[in-house]
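Structural overview
The primary structure of each chain is shown beneath.
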Amino acid sequence: MAAEKLTNVELESIRLLDSKARTVPSETIANFDLEEDVSTPFGPMHVIAHGDRRLPAIVTYHDIGLNSTSCFQSFFNYPDMQAVMKSFCVYHLNALGQQESALTLPLGLGTVQDIPAAEYVYPSMDQLAEMILPVVDHFKIKTFIGLGVGAGANVLSRFALLYPGRVDALVLINGNVTQAGWIEWGYQKWNAWYLKSGMMTSGVEEYLLWHWFGNKTMETNYDLVHVYSEYIKSLNPVNLGHFVSTYIKRTDLGITRELDPMKKSSAKNFSCPVMLVGGDNSPHLDDTVEMNGRLDPTNSTWMKFECGGMILEEAPGKLSEALRLFLQGMGYGTFVHQILRGT
């Protein structure tokens, strides 16, 4: 067999393009429909809204170390989520002092801004939940679908238990029902002390990355983790320290799974549908398993995706599909399906 003759090929008109480094989007350059500070008994809540306010409402609440932009903007900009964005008005809530460029607490709290920093007490988890009521009243939201991540899932859960008539459904990412365990409490206690002293140490940074992603994602998805490691440098450590301190002092939600029809009406649990989501390699997977075991199986769904803890970033396609099916099951499906078909 004759050997194949190789010829030289000249490559022309080739340009090397440097890929643009990804960053966490900034609230200052995003195109928001509405951005407002709403007064509450515990201080102003920073709210960012997208969409026609005549449409059904989705209310989001972020995790510790994140804000409404760094937690949700990429997910809601995902192509598969555009049908949902056209079908709902989305209200992103920021925990007190956690929005971008927030003044160091207790500055910026209106009537209580003269409180000395050493005497300032950040709202409890139950009080953070109470802050949601004046916000939804302000925007004339009768009922809403809650979407929360981590600490935000816990806050929305508390609101749904306090005001069941105001919540149509809950989507809880890395949700939990228990108080902080000894290991979490120990790590976060030290972290909160450093943060409230104004120090963002390497130990705090490592813990935040682990809390968001888990070990496997930190080892295998360097680019994504690097984006958020750079984002950490923009955080206000004092304000974050207050939020972390409140989160580790959380109480058990007190919900129980009661299968006896005679006792079910008196058992404490969610009256709305719940979609609970965890990741295979999430550091919070066991928390979601514990929570699932205490939910009412007749109105709840537990889903586990093959990813780490930052599910909105690591598995947006799977989550958007699950969310769309969940909304269809609640009766929103026809409208969303029509938009997906372009009719």
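Note that the structure is predicted; figures quoted are calculated from it, not measured. (Residues numbered from 1 in each chain as written. Predicted model: local features only at pLDDT ≥ 70, side-chain atom pairs only at ≥ 80, totals over all residues. Heavy atoms only, no water.)

Looking at the pattern of salt bridges
This is how it is decided: When a carboxyl oxygen of Asp or Glu lies within 4 Å of a side-chain nitrogen of Lys or Arg, that pair is called a salt bridge. Helix and strand definitions follow DSSP, with helices as H or I runs of at least four residues and strands as E runs of at least two, each counted in order from the N terminus. A 1.4 Å probe rolled over the protein chains alone gives each residue an accessible area, and that area as a share of the maximum for its type sets the label: buried under 20%, exposed over 50%, partly exposed in between.
Scanning the model with the defined rule gives ten salt bridges in all. Between R294 and D252 there is a salt bridge, with the nearest N and O atoms lying 2.6 Å from each other. Within this pair, whereas R294 is found in the loop between α12 (285-292) and β8 (300-305), its partner D252 is found in the loop between α10 (237-248) and α11 (261-264), the two being separated by 42 residues in sequence. Residue classification places R294 among the buried residues on the basis of a relative accessible area of 16%. Sharing partners across several salt bridges, the network here consists of D252, E290 and R294.

Here we look at the packing of helix α7 (residues 202-213) against helix α9 (residues 222-231)
For the record, the criterion: An axis is simply a line fitted to the C-alpha atoms; with a helix, the fit covers only the stretch in contact. Between two such axes, the angle follows the N-to-C directions and lies from 0 to 180 degrees. An angle counts as roughly parallel when it lies under 35 degrees, as roughly antiparallel when it exceeds 145, as roughly perpendicular when it falls between 65 and 115, and as oblique in every other case. Here a crossing is taken to be left-handed if its near helix is turned anticlockwise relative to the far helix by less than a right angle, and right-handed if that turn runs clockwise. Here a residue-residue contact requires only that any non-hydrogen atoms of the pair lie within 4.5 Å. In this count, Pro and Cys sit with the nonpolar residues alongside Ala, Val, Leu, Ile, Met, Phe, Trp and Tyr, while Asp, Glu, Lys and Arg are called charged and the others, Gly among them, polar.
In the contact formed by α7 and α9, the axes pass within 10 Å of each other and the chain directions differ by 135°. Relative to α9, the element α7 is oriented oblique. Seen along the crossing, α7 lies across α9 with a hand that is right-handed. From α7, L209, W212 and F213 reach across to α9, where they touch L224, V225, Y228, S229 and Y231. In terms of residue class, the contact of α7 with α9 is built from seven nonpolar, one polar and no charged.

Let's talk about the sheet that holds strand β2 (residues 45-50)
Rules: Paired strands are those between which DSSP finds at least two bridges.
Read across the sheet, eight strands follow the order β1-β2-β4-β3-β5-β6-β7-β8 without closing on themselves; strand pairing throughout is mixed. Looking along the sheet, the strands with just one partner apiece sit at the ends: β1 (34-38) and β8. If you compare each strand with its neighbour and ignore which way they point, the axes differ by 20° on average. Relative to β2, β1 runs antiparallel, the two sharing five bridges. Paired with E35 across the strands is I48, a residue of β2. Sheet strands in contact with helix α5 (residues 151-162) are β3 (57-61), β5 (144-149) and β6 (167-173), and its direction is about 145° off that of β5. Set on the sheet, α12 makes contact with β6, β7 (274-279) and β8; between it and β7 the angle comes to about 155°.

Some details on helix α6 (residues 182-196)
Rules: What a helix is expected to span follows from its residue count: subtract one and scale by 1.5 Å. By arc we mean the arc of the directions from the helix axis to the C-beta atoms, nothing more.
For α6, built from 15 residues, the straight-helix expectation of 21 Å at 1.5 Å per residue is met to within 8% by its first-to-last C-alpha distance of 21 Å. Residues E184, Q188, N191, A192 and L195 constitute the buried set of α6. Here the buried residues of α6 occupy an arc of 105° about the axis, which is enough to place them on one side. Across α6 from its buried face, at more than 90 degrees, point the exposed residues W182, I183 and W190. Two residues or fewer after α6 comes G198, characterised by a positive phi angle close to 85°.

A short note on the side chain of R250
Worth spelling out the cut-off: Contacts described as polar in this section are N or O atom pairs within 3.5 Å, which, within protein, must combine one atom able to donate a hydrogen with one able to accept it, while residues neighboring in sequence count only if both atoms come from side chains.
In this structure, R250 sits in the loop between α10 and α11. Look at R250 and you get buried, because its relative accessible area is 4%. Among the polar contacts made by the side chain of R250, one reaches the side chain of N176 at a distance of 3.3 Å. A distance of 3.0 Å separates the side chain of R250 from the side chain of E184, its partner in a polar contact. Other than its neighbours up to four places away in sequence, R250 contacts M125, N154, R158, N176, T178, Q179, A180 and E184.

Describing the nonpolar core
A general tendency of soluble globular proteins is for nonpolar side chains to be buried together. Definition in use: Residues enter a nonpolar core if they are buried and are Ala, Val, Leu, Ile, Met, Phe, Trp, Tyr or Cys, with the set joined through side-chain atoms within 4.5 Å.
With 95 residues, the main nonpolar core has F144, W212 and Y228 as its most contacted residues. For F144, the residues in contact, after removing those within four places along its chain, are A57, V59, I132, V136, L156, F159, R166, V167, D168 and A169.

Some details on the environment of V47
Structurally, V47 can be placed in strand β2. Between the C-alpha atoms of V47 and Y91, which are 44 residues apart in sequence, the distance is 6.7 Å. When neighbours within four sequence positions are excluded, V47 is seen to be in contact with L34, E35, E36, V38, Y91, H92, L93, V135 and F139.

Topic: unusual backbone geometry
Cis geometry marks the peptide bond from L105 to P106; its omega dihedral reads 10°. Residue placement: P106 occurs in the loop between β4 (89-94) and α3 (125-130). Phi angles above zero are rare outside glycine, and S101 is one such case at about 65°. Relative to the helices and strands, S101 is located in the loop between β4 and α3. Using a relative accessible area of 66% as the deciding quantity, one classes S101 as exposed.

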